[in-house]
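A closer look at the structure
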Amino acid sequence: PSPISGKQRLSYLRSRVMSRTELTKKRALVTGAGRGIGRNIATALAAAGAQVVLMARTRSQLETVAREVSDTGGEAAVLPADIGVEGDIRYAIQGFVERFGGIDILVNNAGIVGSDSPVHDLLLDDWERVLDINLKGTFLCSRAAVRHMIPKKSGVIVSMASISGKEGNANMAAYSVSKAGVICFTKSLGKEMLEYGIRVNCVAPALIDSPLLEGMEPERVEFLTSRIPMGRLGQPSEVAATILFIVSDESTFTTGACFDVSGGRATY
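What comes next is a walk through the structure. None of the values given here were measured: they were computed from a predicted structure. (Residues numbered from 1 in each chain as written. Predicted model: local features only at pLDDT ≥ 70, side-chain atom pairs only at ≥ 80, totals over all residues. Heavy atoms only, no water.)

1. Things to note about the overall build of the chain
- Summing up its helical and strand segments, the chain has nine helices and seven strands in all.
- Relative to the globule expectation of 18 Å for 268 residues, the C-alpha radius of gyration of the chain, 19 Å, shows essentially globular dimensions.
- Dimensions along the principal axes, computed over C-alpha positions, put the chain at roughly 75 × 45 × 40 Å.
- Looking at the chain residue by residue over its 268 residues, the buried ones come to 47%.
- The long-range fraction of contacts in the chain, counting pairs at least 24 apart against all pairs at least 6 apart in sequence, stands at 73%.
- A total accessible area of about 13,200 Å² is found for the chain, and carbon and sulfur atoms account for 54% of it.
- Considering the chain, the positive charge centre built from 30 side chains and the negative charge centre built from 28 side chains are found 9 Å apart. (Helix = DSSP H or I, 4+ residues; strand = E, 2+ residues; numbered from the N terminus. Rg over C-alpha atoms; globule rule 2.2 N^0.38 Å. Buried < 20%, exposed > 50% of the residue type's maximum accessible area, 1.4 Å probe, protein only. Contact = heavy atoms within 4.5 Å. Areas by Shrake-Rupley, 256 points an atom, 1.4 Å probe, with all protein chains shown as cover. Lys, Arg positive; Asp, Glu negative; His and termini not counted. Charge placed at Lys NZ, Arg CZ, Asp CG, Glu CD.)

2. Some thoughts on the side chain of Asn 109
- By the secondary structure assignment, Asn 109 is in the loop between β4 (105-108) and α5 (124-149).
- Judged by its relative accessible area of 10%, Asn 109 falls in the buried class.
- Within polar-contact distance, the side chain of Asn 109 engages the backbone oxygen of Gly 32 at 3.0 Å. (Polar contact = N/O pair within 3.5 Å; in protein donor to acceptor, adjacent residues only side chain to side chain.)

3. Structural notes on unusual backbone geometry
- In this structure, Lys 25 takes a positive phi of about 75° despite not being glycine.
- Relative to the assigned elements, Lys 25 resides in the loop between α1 (6-21) and β1 (27-31).
- In this structure, Asn 171 is a non-glycine residue whose phi angle is positive, near 65°.
- Its place among the elements puts Asn 171 in the loop between α6 (164-167) and α7 (173-192).
- Among the residues examined, Asn 171 registers a relative accessible area of 27% and is labelled partly exposed.

4. Looking at the packing of aromatic side chains
- Scanning all chains against the criterion turns up three aromatic pairs.
- Geometrically, the ring pair formed by Phe 139 and Phe 185 is edge-to-face, given 6.3 Å between the ring centres and 85° between the ring planes. Taken together, the residues Phe 139 in helix α5 and Phe 185 in helix α7 connect sequence positions 46 residues apart.
- Their ring planes at 75° and their centres at 6.3 Å tell us that Phe 245 and Phe 259 sit as a pair that is edge-to-face. With Phe 245 in helix α9 (residues 236-247) and Phe 259 in strand β7 (residues 258-261), this residue pair connects regions lying 14 residues apart in the sequence. (Phe/Tyr/Trp six-rings, centres within 6.5 Å; stacked < 30°, edge-to-face > 60°.)

5. A word on the sheet that holds strand β6 (residues 198-205)
- With parallel pairing, the seven strands of this open sheet are ordered in space as β3-β2-β1-β4-β5-β6-β7. Strands with a single pairing partner mark the edges of an open sheet, and in this sheet they are β3 (75-80) and β7. When the angles between neighbouring strand axes are averaged without regard to direction, this sheet yields 20°.
- Here strand β5 (residues 155-160) runs beside β6; their pairing, made up of six bridges, is parallel. (Pairing = 2+ DSSP bridges. Axes fitted to C-alpha atoms, helices over the stretch in contact; angles between N-to-C directions.)

6. Concerning the packing of helix α2 (residues 36-47) against α9
- At a closest axis distance of 8 Å, the pairing of α2 and α9 adopts a crossing angle of 45°. It follows that α2 is oblique to α9 by the angle criterion. As α2 packs across α9, the resulting crossing turns out to be right-handed. The segment α2 lies against α9, with Gly 36, Ile 37, Asn 40, Ile 41, Ala 44 and Leu 45 engaging Pro 236, Ser 237, Val 239, Ala 240, Ile 243, Leu 244 and Val 247.
- Residues that form the contact of α2 with α9 fall into these classes: 10 nonpolar, three polar and no charged. (Parallel < 35°, antiparallel > 145°, perpendicular 65-115°, else oblique. Left-handed = near helix turned anticlockwise from the far one by under 90°. Nonpolar A, V, L, I, M, F, W, Y, C, P; charged D, E, K, R; others polar.)

7. Observations regarding the environment of Ile 198
- Checked against the element boundaries, Ile 198 lands in strand β6.
- On a C-alpha basis, the gap between Ile 198 and Gly 87 in space is 24 Å, while along the polypeptide they are 111 residues apart.
- Non-local contacts of Ile 198, meaning those with residues more than four positions away in its chain, are made with Met 149, Ile 150, Ser 154, Gly 155, Met 193 and Thr 255.

8. Things to note about the pattern of salt bridges
- Tallying each qualifying case throughout the model produces 11 salt bridges.
- The shortest N-O distance in the salt bridge between Asp 104 and Arg 27 comes to 2.8 Å. With Asp 104 in the loop between α4 (86-100) and β4 and Arg 27 in strand β1, this pair connects stretches of sequence that are 77 residues apart.
- Given the relative accessible area of 12%, Asp 104 is considered buried.
- If you follow the salt bridges from partner to partner, you end up with Glu 86, Arg 90 and Arg 143 in one network. (Salt bridge = Lys/Arg side-chain N within 4 Å of Asp/Glu carboxyl O.)

Shape descriptors only; they carry no functional weight alone.
The following block contains the structure:
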């Protein structure tokens, strides 16, 4: 047979990558999908062919994203729910499964920064609110999802951690602790799900140009940006691209891992 040219090999590799990142017929649930990073994740999954369900508390924001997805030829549905409330999550994911016949992908993206306060000024209500959404919400959604994934012995979960969960930022104790918990929860759940063929990973971004910055003092944003070796904020689309890789068949030998999207800030 005639040798394969470099151009033919490149064409083959491109077609292989495209087919393996293709998510047609995959059913994906994205929490915190009404804006920012979640919005970008949802549109990226839809562009790859997934049926996407958008979850957040604000229906109007979800409907806006759903229209964006529809305008580009994708398919999206909205599912208003509070991820910090166990009953909301159980009802929402059960409804998701009944409508679509199962769940293949869960992206635990919803989160808040909380108050910019040192521990001696931090209110218990602020502490509990951040952990309820960032950590308990990740647990509740993951638990509900794997109960439907286990019988089918397949599925992928990706959770949103943070570089703060590795380093522990000053004046951000609740946020840092919640994200450290997400990283450890990912590793624990990843090991538990090995026998069921379910992969569980997380991503740890540095500061991203998203609505989460609205809860931070400008001086804090400037300081945290200065600690990123690339010298800039990350973009929501860059986080979404990493997650798209993680949920695809390009990443089938990875579970219990934390993927850094930190502009070089992460040291481990």
